[in-house]
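Residues per chain, in single letters:
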Amino acid sequence: MQPAGAILHQEAIDRVAGNLSALQDRVRRAAERAGRSQETVTIVAVCKTFPSEAVAAAHAAGVRHFGENRVQEAEEKIPALTGLAPRPTWHMVGHLQTNKVKDAVALFDVIQSVDSVRLGEAIARRAGDRRVPVLLEVNVAGERSKFGLSPEAVGGVAEALRALPNLDVAGLMTVAPLAEDPEAVRPVFRRLRELRDALSLRELSMGMTDDFEIAIEEGATIVRIGRAIFGERPVTAG
Ligand SMILES: *Cc1c(COP(=O)(O)O)cnc(C)c1O
């Protein structure tokens, strides 16, 4: 196999690098508004629906964290990118079924979408000698269409999973409701931060292309960004 770098088009690298630099500027300004430094916010580039060439371009521009939302797509993409150096960190950000846990643990470094004790236990069983960092996904707004724990349930699940030596329960994650005005979702982010603080966890994964600045103002330590780095996805994409 050719190293991914060899097949990159300069034009693609330049476009992604330009997007990334504009994004980093906005991240820095939002962090400053919250009295924080840019380094306290990790950008995870969510590359679902985009080809491995786009991932390689983002890596060449300096991105070191990538996210996928489906195990099957990750199985096609991640093994084609093993040549990237330094090796990036891969985050699973989508709903994970128990029967895909074995594959997910083999592919991903971090699983951001743990939404039950059962799923956490399954990850721990497959962890081998690793201690897998996980985030608990919270459905803060109680949307029927979304996965995630209710705010009331997250404390009990955190307690149960913290007892497992092969898991590092690192923090909380949420996908905020779609809103025309990102200000409308500020209370959702604030609530997730309060839940995180009450559980004394480190990480707060919240904020996507349309609302990451508000999320950073409310304390996000991880933002998950697709379109602002890679461009628009085809409309059929999940
Ligand atoms: C697609 C996706 C993102 C990124 O969304 P954009 O709007 O493209 O930034 C973030 N988190 C999850 C869970 C996703 O599925």
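Quick summary incoming for the structure in this document. Worth saying up front: this structure is predicted, and the values here are computed from it rather than measured.

### Things to note about the overall build of the protein chain
In step 1: Counting its secondary structure elements, the protein chain contains 9 helices and 8 strands.
In step 2: Against the 2.2 N^0.38 benchmark of 18 Å for 238 residues, the protein chain shows a C-alpha radius of gyration of 17 Å, consistent with a compact globule.
In step 3: If you line up the protein chain on its principal axes, its C-alpha atoms span 50 × 40 × 35 Å.
In step 4: When burial is assessed residue by residue, the protein chain has 48% of its 238 residues classed as buried.

### Looking at the site of the ligand
In step 1: Around the ligand sit Val46, Lys48, Val93, Val175, Met208, Thr209, Arg224, Ile225, Gly226, Arg227 and Arg233, and that is every residue in its neighbourhood.
In step 2: Separating an oxygen atom of the ligand from a side-chain N or O atom of Arg233 is a distance of 2.7 Å.
In step 3: Look at the ligand: alone it shows 390 Å² of surface, and the protein chains cover 93% of it.
In step 4: Looking at the shell around the ligand residue by residue, the classes come out as 5 nonpolar, 2 polar and 4 charged.

### Brief notes about the packing of aromatic side chains
In step 1: A complete count under the given rule lists 2 aromatic pairs for this structure.
In step 2: When the centroid spacing of 5.5 Å and the interplanar angle of 35 degrees are considered together, the rings of Phe66 and Trp90 count as tilted. Of this pair, Phe66 sits in strand β2 (residues 65-68) while Trp90 is found in strand β3 (residues 89-92), placing the two residues 24 residues apart along the sequence.
In step 3: Trp90 gets classed as buried once you look at its relative accessible area, which sits at 3%.

Rules behind the numbers
Residues numbered from 1 in each chain as written. Predicted model: local features only at pLDDT ≥ 70, side-chain atom pairs only at ≥ 80, totals over all residues. Heavy atoms only, no water. Helix = DSSP H or I, 4+ residues; strand = E, 2+ residues; numbered from the N terminus. Rg over C-alpha atoms; globule rule 2.2 N^0.38 Å. Buried < 20%, exposed > 50% of the residue type's maximum accessible area, 1.4 Å probe, protein only. Near = heavy atom within 4 Å. Polar contact = N/O pair within 3.5 Å; in protein donor to acceptor, adjacent residues only side chain to side chain. Areas by Shrake-Rupley, 256 points an atom, 1.4 Å probe, with all protein chains shown as cover. Nonpolar A, V, L, I, M, F, W, Y, C, P; charged D, E, K, R; others polar. Phe/Tyr/Trp six-rings, centres within 6.5 Å; stacked < 30°, edge-to-face > 60°.

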